[in-house]
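Residue-level listing of the chains:
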Amino acid sequence: MRILKRAFTLVELLVVIAIIGILTAIIVPNFMGARERADDSKIKQDMMAIKNALRTYYNDNQSYPPTTNWSSLVAPYIPSVTDFSIYTYNQGPSGESFTLGAEMEATVAQDLQNSWSSCGISEPATQKTYYVCAN
């Protein structure tokens, strides 16, 4: 007498592989760019914290810091942000306003354009620069 062993057939294995392939094709695009979106979100949060620190500096000094050494003047107001090198800062005329910009990786174009229009910027530094400001 011969004992039959149960095993998967080649067709069953191919069906399982096809299902895994289809699921992978659906799921992977959702995770593409997740790191870039997370980085952009962190930069936006830091920009809002810097904006608040700049306003606090303004309340203390009745003027926003000059463009040349702004990060060293604002750093005591915001210890959570340690790297200011990715931000571009410009003091407005007479120290009554400022513009703060940063390059984004994956931010939606509409968000970028909204930041430009709210800050009155017609020609951004790049098409991926996001701005916050005090007018």
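Our structure is the block above this text.
Scoring rules and cut-offs
Residues numbered from 1 in each chain as written. Predicted model: local features only at pLDDT ≥ 70, side-chain atom pairs only at ≥ 80, totals over all residues. Heavy atoms only, no water. Disulfide = S-S within 2.5 Å. Helix = DSSP H or I, 4+ residues; strand = E, 2+ residues; numbered from the N terminus. Buried < 20%, exposed > 50% of the residue type's maximum accessible area, 1.4 Å probe, protein only. Salt bridge = Lys/Arg side-chain N within 4 Å of Asp/Glu carboxyl O. Polar contact = N/O pair within 3.5 Å; in protein donor to acceptor, adjacent residues only side chain to side chain. Contact = heavy atoms within 4.5 Å. Core = buried A, V, L, I, M, F, W, Y, C linked by side-chain atoms within 4.5 Å. Pairing = 2+ DSSP bridges. Axes fitted to C-alpha atoms, helices over the stretch in contact; angles between N-to-C directions.

Colleague: Sorry, what's going on with the state of the cysteines here?
Modeller: Considering all chains together, one arrives at one disulfide under this definition. In this model, C119 is linked to C133 through a disulfide, with the two sulfur atoms separated by 2.3 Å. Torsion about the S-S bond of the C119 and C133 cystine: about -105°, corresponding to left-handed handedness. Here C119 is found in the loop between α4 (109-118) and β3 (129-134), whereas its partner C133 is found in strand β3, with 14 residues between them in sequence. You can call C119 buried: its relative accessible area is 10%. By relative accessible area, which is 9% here, C133 ends up buried.

Colleague: Help me understand the pattern of salt bridges in this model?
Modeller: When charged atoms on two side chains of opposite charge get close, those side chains can pair. This structure, assessed with the given rule, holds five salt bridges. For the salt bridge of R35 with E36, the shortest nitrogen-to-oxygen distance reads 3.1 Å. Looking at E36, the relative accessible area reads 24%, which means it is partly exposed. By sharing partners, the salt bridges in this structure join R35, E36, D39 and E105 into a single network.

Colleague: What should I look at first to understand the side chain of S115 in this one?
Modeller: Residue position: S115 is located in helix α4. Side-chain polar atoms of S115 contact the backbone oxygen of L112, separated by 2.7 Å. A polar side-chain atom of S115 sits 3.2 Å from the main-chain amide nitrogen of Y131. Residues within four places of S115 in sequence aside, it is in contact with T129, Y130 and Y131.

Colleague: Looking at this model, I keep getting lost on the nonpolar core. Mind explaining?
Modeller: Taken as a class, soluble globular proteins show a tendency for nonpolar side chains to be buried jointly. Counting 27 residues, the largest nonpolar core has M47, I50, W70, Y87 and L100 as its most contacted members. Of all elements in the fold, only α2 (34-61), α3 (70-74), β1 (87-91), β2 (98-103), α4 and β3 reach the threshold of two or more residues within this core. Here this core gets six residues from one element, more than from any other, and that element is α2. In contact with I50, not counting residues within four places along its chain, are W70, I78, V81, F84, Y87 and L100.

Colleague: Help me out: how do you make sense of the sheet that holds β2 in this one?
Modeller: Whenever strands of a sheet pair, they do so through backbone hydrogen bonds, lying parallel or antiparallel. With antiparallel pairing, three strands are arranged side by side in an open sheet as β1-β2-β3. Each having just a single partner strand, β1 and β3 make up the two edges of the open sheet. For this sheet, the mean angle separating the axes of adjacent strands, direction not counted, is 15°. Here β1 pairs with β2 via five bridges, running antiparallel. Its bridge partner lying in β2, Q91 is registered against F98.

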